[in-house]
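Residue-level structural notes
Each chain, written out:
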Amino acid sequence: MKTIKLLASIIIVLHLSLLLGACGSDSTDKPIATDDDDPIVEEKDTTSYNLIDFRKGQGPVEVGKKLTQRFINVDYSFWGNIYSNYTADHVTYPDACAWLGALWFADAVDDDLLYNGVVNKFAPLFTTDKDLQPTLTPTASNKVDYYVFGAIPLQIYQRKKEAKYFDLGMTYADRQWTLPNNASSTEKEWHDQGFSWQTRLWIDDMFMITALQAQAYQVTKDEKYRERTANEMVLYLDRIQRDNGLFYHAPSAPYYWARGNGWMAVGMVEVLKLLPENHPDRSRIMNAYLKMMSELAKYQRPDGMWSQLVDHPNTSDMWAESSGSAMFTYAMITGVKKGWLEEEKYGTVARKGWLALLTYLDSKNDIIEVCEGTGIGYSYDYYKDRRRWVGDLHGQAALMWCAYALLDKP
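None of these values were measured; they are calculated from a predicted model.

This paragraph deals with the overall build of the protein chain. Check the secondary structure of the protein chain and you find 16 helices and 2 strands. Carbon and sulfur atoms make up 51% of the accessible area of the protein chain, which totals about 19200 Å².

Below, the structure written as structure tokens:
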């Protein structure tokens, strides 16, 4: 009997000990802060939106160097297509975009050998390949596509300070606002309102015009070039941005084509980087940019890409397009880095986009699934059935921009 009572007493004591212990700790076994301790702060998991740390093979330096070297090694493209059977008769705008990306990246990574390789590729355009400088009087309606070439020598001039680069680039920049003798009535109307006579209200203009004028401002610090850039952007936003923040390919083509929207996204970023905080047009452009980024975030595909038609992320036959996806990723990386976009939300979108794009690089460092050059279309099937190029400079350029943006400091 005594033994039974003793056992019962032991059980009661153990039970009380367990109850007291449970009162002194929580279910997660976290340490308790005393009055003498600093408050315990849990570290936030930033893995999903970290734009600095990447695994081997995914980092912007490693990827960007491969892309830049690839660009140095390829010949002039035929409107972006490096594998075309046609030979380019001038340096086309996709080459200009890729040149800018290569220069930006090589400068950001502070690799003199790589930077000089990009510059040396341009050297023949002053001598043996001079005839490939785009004409200042193209008969084609897409004159902005010819003139953006001038942004390349102006970017080189910022570092090299050689007059030949300045003179060549400024010729294109100034002629973009100099009414030609054979100007049409529409071109005269735009010129008389203070805009470029090359104004067309096409979505790609907002990189082609603004990139050149922004470069002219950077090398001269003449306010007229910055004002041209801002005024032109506001005009386009007022006329063609839709209520949801995106852009139709054209008023007659109510489709949200990825690369077309990409030109606007990147163009707004470049203008915002140029304008001071107190500039009267800055808030207008910033609001348009934020509206677009918010809408784009909704349409990111589960794999991190965007569709050829942006608003069809879950349609089985609408494919993921790499050049537009890279442009959107660049715009978001820059926005997060500059503090324009909320870090956790948009950093997650940007990181996911970057990592997805890397899976589209082949063994030659050519990006796949780049939409061919595309005029306006009038049906869903038109955009769905566009040919898909490999290594096209529309895509190569935009991915180099992403690598540069990941390295750029706020």
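Positive phi outside glycine occurs at asparagine 365, with the angle close to 65°. Within the secondary structure, asparagine 365 sits in the loop between α14 (343-358) and β1 (370-371). With a relative accessible area of 21%, asparagine 365 lands in the partly exposed category. Here the phi dihedral of glutamate 369 falls at roughly 60°; this positive angle occurs in a residue that is not glycine.

In the structure shown here, the tally under the stated rule is 19 salt bridges. The residue lysine 66 makes a salt bridge to glutamate 62 at a minimum N-O spacing of 3.7 Å. Of this pair, lysine 66 and glutamate 62 both sit in helix α2 (residues 60-73), 4 residues apart, which is roughly one turn of that helix. Here glutamate 62 falls in the partly exposed class, since its relative accessible area comes to 31%. The partner of arginine 301 in a salt bridge is aspartate 303, and the shortest N-O contact between them spans 3.8 Å. Residue arginine 301 is classed as buried on the basis of its relative accessible area of 15%. Bridged by salt links that share partners, the residues Asp107, Asp112 and Arg159 form one connected network.

Here we take up the confidence of the model for the protein chain. On average, residues of the protein chain score 91 in pLDDT, and 89% of them reach the 70 mark or higher. Here residues 1-37 is modelled with pLDDT under 50, and outside its nearest four sequence neighbours on either side it reaches 6 contacts, counting other chains as well.

This brings us to the packing of aromatic side chains. Any pair of aromatic rings gets described here by the distance separating the centres and the angle formed by the planes. What the rule picks out here adds up to 25 aromatic pairs. Here the aromatic rings of tyrosine 255 and tyrosine 383 are separated by 5.3 Å at their centres, their planes lie at 40°, and the arrangement is tilted. Taken together, the residues tyrosine 255 in the loop between α10 (223-240) and α11 (258-274) and tyrosine 383 in helix α15 (residues 380-384) connect sequence positions 128 residues apart. When sorted by exposure, tyrosine 255 lands in the same class as tyrosine 383, which is buried. Aromatic side chains tryptophan 306 and phenylalanine 328 sit 5.4 Å apart centroid to centroid with 80° between the ring planes, which places their arrangement in the edge-to-face category. Taken together, the residues tryptophan 306 in the loop between α12 (282-298) and α13 (322-338) and phenylalanine 328 in helix α13 connect sequence positions 22 residues apart. Each member of the pair tryptophan 306 and phenylalanine 328 is classed as buried. An aromatic cluster of at least three residues, connected via ring pairs, comprises Phe71, Trp99, Phe122, Phe126, Tyr147, Phe149, Tyr165, Tyr172 and Trp197. One cation-aromatic arrangement involves lysine 121 over phenylalanine 71; the distance from NZ or CZ to the ring centre is 3.6 Å.

Reading the values: the criteria
- Residues numbered from 1 in each chain as written.
- Predicted model: local features only at pLDDT ≥ 70, side-chain atom pairs only at ≥ 80, totals over all residues.
- Heavy atoms only, no water.
- Helix = DSSP H or I, 4+ residues; strand = E, 2+ residues; numbered from the N terminus.
- Areas by Shrake-Rupley, 256 points an atom, 1.4 Å probe, with all protein chains shown as cover.
- Buried < 20%, exposed > 50% of the residue type's maximum accessible area, 1.4 Å probe, protein only.
- Salt bridge = Lys/Arg side-chain N within 4 Å of Asp/Glu carboxyl O.
- pLDDT = per-residue confidence, 0-100.
- Contact = heavy atoms within 4.5 Å.
- Phe/Tyr/Trp six-rings, centres within 6.5 Å; stacked < 30°, edge-to-face > 60°.
- Lys NZ or Arg CZ within 6 Å of the ring centre and 35° of its normal.

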